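What follows is the residue order along each chain.
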Amino acid sequence: MSEENCTHECGSCSEDCASREEGFDFRVAPHPLSSVGKVIGVVSGKGGVGKSLVTSLLAVLMQRRGHQTAILDADITGPSIPKAFGITATATSNEQGITPVTSRGGTDIMSVNLILQDPTMPVIWRGPAIADVVKQFWSSVIWSCEEYMFVDMPPGTGDVPLTVFQSLPLDGIIIVSSPQDLVSMIVEKAVKMAEEMDVPILGVIENMSYVKCPDCGKEIKLFGDSKIEEVAARHDMKVLGRLPIDPEIAAMCDAGDIEKFNKDWMDAALEMIEGMENKVKKLRIAVTADEDHTVFQHFGHTRYFETFDVEGGKIQAHSTIDAEDSGHEALGAFLKEHGVDLLICGGIGGGAKQVLAEAGIDLVSGVSGNIEDAVKGYLAGEIKDDPSAECTHHEHGERHGEEMGGTCRGCHGSGHSCH
């Protein structure tokens, strides 16, 4: 791209030009008040294969299994998620940020149709503008205590899918296909893009796989024999489900009643998602360390961090790093320099959370007890972030044990008084 035509929107550009900064981190920090666990992209190589349907069903069924779910509708020019959920309300905002709309079943949803005055108006924007909206849906929306976020991505491998791959902390993607040979070929394009971007592929779901005769129950393959097993085997993927053509599902989407879906066609995908461990990629975990090998309760006063290199869900290496009395504002950069992906700690203030978010470091706060047990508990899915574990007094120089007294919120349950 020539300099005069450059938009300087590197996050939505695939050009390898001289102005691109080497090693530039495109990830966008989430809203400081957000708390999001797993982020799963739902992708397809082309439109019309049922990607938004699969996204909706995954969120609905995981919510029904007791998990708080969210949908970030990144398909800006073709937003169909609100219609499927029967949502006509608009998203609200205040000085803190934007609040997503919650469905009847409890799924939090953000879509461009929830901020347009007329949801029937087309979104006639260029790629960089659309990519910016997707990033704002991540950074300006307050996603509160979401265990699983499903990102409904636009079809293809263009600007917006690239933005999602680069800007959001995807834990993996699910690819949606249909039985035709043409679609299988395009699936391979999506697979190769994910491999190029180093994003784990969790598996593939085939939509419109068959139609069942209402009289005899025989499965009729309208599009011929599926090639999905062959495609999956070539790329070492799992086939997570096959959805039939079913008029009942279409009626539910048209009526805004997708949350009434009650079939078992997605069970394999749900079990895979529930069983996701923190091993889809290599991970370096840092833990605030006390003298007795327990989790230190005041992030801003931490001198030592114990680090754990994790691969395959198991601890491969363990070491200690000295922060040399760095203040909480400098600790984000310090941890990033040491390649830390995730911090486990006790109490932590709002300003420090923002510093970590800007450094692209995930946070699990409100943790106490033995350090190695805490890491193993996190890897087993037994320990999660406690958004209320905020300890603001460690961010200033007061002798808070004598002047403030009590127990900080980050130390709750540990019997540890602030001193």
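Above this note sits the structure.
Parameters at a glance
Residues numbered from 1 in each chain as written. Predicted model: local features only at pLDDT ≥ 70, side-chain atom pairs only at ≥ 80, totals over all residues. Heavy atoms only, no water. Phe/Tyr/Trp six-rings, centres within 6.5 Å; stacked < 30°, edge-to-face > 60°. Buried < 20%, exposed > 50% of the residue type's maximum accessible area, 1.4 Å probe, protein only. Helix = DSSP H or I, 4+ residues; strand = E, 2+ residues; numbered from the N terminus. Pairing = 2+ DSSP bridges. Arc of directions from axis to C-beta. Axes fitted to C-alpha atoms, helices over the stretch in contact; angles between N-to-C directions. Contact = heavy atoms within 4.5 Å. Parallel < 35°, antiparallel > 145°, perpendicular 65-115°, else oblique. Left-handed = near helix turned anticlockwise from the far one by under 90°. Nonpolar A, V, L, I, M, F, W, Y, C, P; charged D, E, K, R; others polar. Polar contact = N/O pair within 3.5 Å; in protein donor to acceptor, adjacent residues only side chain to side chain.

(A) Quick peek at the packing of aromatic side chains. Considering all chains together, one arrives at three aromatic pairs under this definition. Taken together, the ring pairs connect Phe-299, Phe-305 and Phe-334 into an aromatic cluster.

(B) Examining the pairing of strand 2 (residues 69-73) more closely. Of all five residues that make up strand 2, five are buried, and the element is covered over most of its length. Of the two faces of strand 2, the one lined by Thr-69, Ile-71 and Asp-73 and the one lined by Ala-70 and Leu-72 are each fully buried. Both strand 2 and strand 7 (residues 146-152) contribute to a ladder of five bridges, which runs parallel. By the bridge assignment, Asp-73 is partnered in strand 7 with Asp-152. Taken together, the three bridges between strand 2 and strand 6 (residues 108-110) define a ladder with parallel strand orientation. By the bridge assignment, Ile-71 is partnered in strand 6 with Ile-109.

(C) Expanded view of helix 8 (residues 267-274). Among all positions of helix 8, only Ala-269, Leu-270, Met-272 and Ile-273 are buried. Around the axis of helix 8, the buried residues are gathered within 160° of arc, so they sit on the same side.

(D) Quick look at the sheet that holds strand 17 (residues 362-364). Pairing in this open sheet of five strands is mixed, and the strands run 15-14-13-16-17 from one edge to the other. At either end of the open sheet lies a strand with only one pairing partner, and these are strand 15 (314-322) and strand 17. With direction set aside, neighbouring strand axes in the sheet form an average angle of 25°. With seven bridges connecting them, strand 13 (residues 283-289) and strand 14 (residues 304-311) associate as antiparallel partners. Bridge assignment links Ala-289 to a residue of strand 14, and that residue is Tyr-304. Packed on one face of the sheet, helix 11 (residues 371-379) meets strand 13, strand 14, strand 15, strand 16 (342-344) and strand 17 and runs near 140° to strand 13.

(E) Structural detail: the pairing of strand 7. For strand 7, a buried count of six out of seven residues is recorded, marking the element as mostly surrounded by other parts of the structure. Taken together, the six bridges between strand 1 (residues 36-43) and strand 7 define a ladder with parallel strand orientation. Paired with Val-42 across the bridge in strand 7 is Asp-152.

(F) Spatial organisation of the packing of helix 1 (residues 51-64) against helix 8. Running from amino to carboxyl end, helix 1 crosses helix 8 at an angle of 65°, the nearest separation of the two axes being 10 Å. Overall, the two elements helix 1 and helix 8 adopt an arrangement that is roughly perpendicular. Crossing hand, helix 1 versus helix 8: right-handed. In contact with Leu-58, Leu-61 and Met-62 of helix 1, helix 8 contributes Ala-269, Leu-270, Ile-273 and Glu-274. Residue composition of the contact of helix 1 with helix 8, by class: six nonpolar, no polar and one charged.

(G) Structural context of helix 7 (residues 247-255). Listing the buried residues of helix 7 in full gives Ile-249, Met-252 and Cys-253. For helix 7, the angular spread of the buried residues around the axis is 95°, confining them to a single face. Turned more than 90 degrees away from the buried face of helix 7 sit Pro-247, Asp-254 and Ala-255, all of them exposed. Tucked inside the fold, the buried residues of helix 7 contact helix 1 and helix 2 (81-85). Where helix 7 begins, the side chain of Asp-246 points an oxygen toward the backbone nitrogen of Glu-248, at a separation of 2.8 Å. Trailing helix 7 by a residue or two, Gly-256 shows a phi angle of about 75°, which is positive.

(H) Here's a closer look at the sheet that holds strand 9 (residues 201-206). Pairing is mixed across the open sheet formed by eight strands, whose spatial order is 5-6-2-7-1-8-9-12. For this open sheet the edge positions go to strand 5 (101-102) and strand 12 (239-242), each flanked by a neighbour on one side alone. As paired elements, strand 5 and strand 6 share two bridges and run antiparallel to each other. Within strand 6, the position partnered with Val-101 by the bridge is Ile-109. Docked against the sheet, helix 1 engages strand 1, strand 2, strand 7, strand 8 (172-177) and strand 9, running at close to 170° with respect to strand 7.

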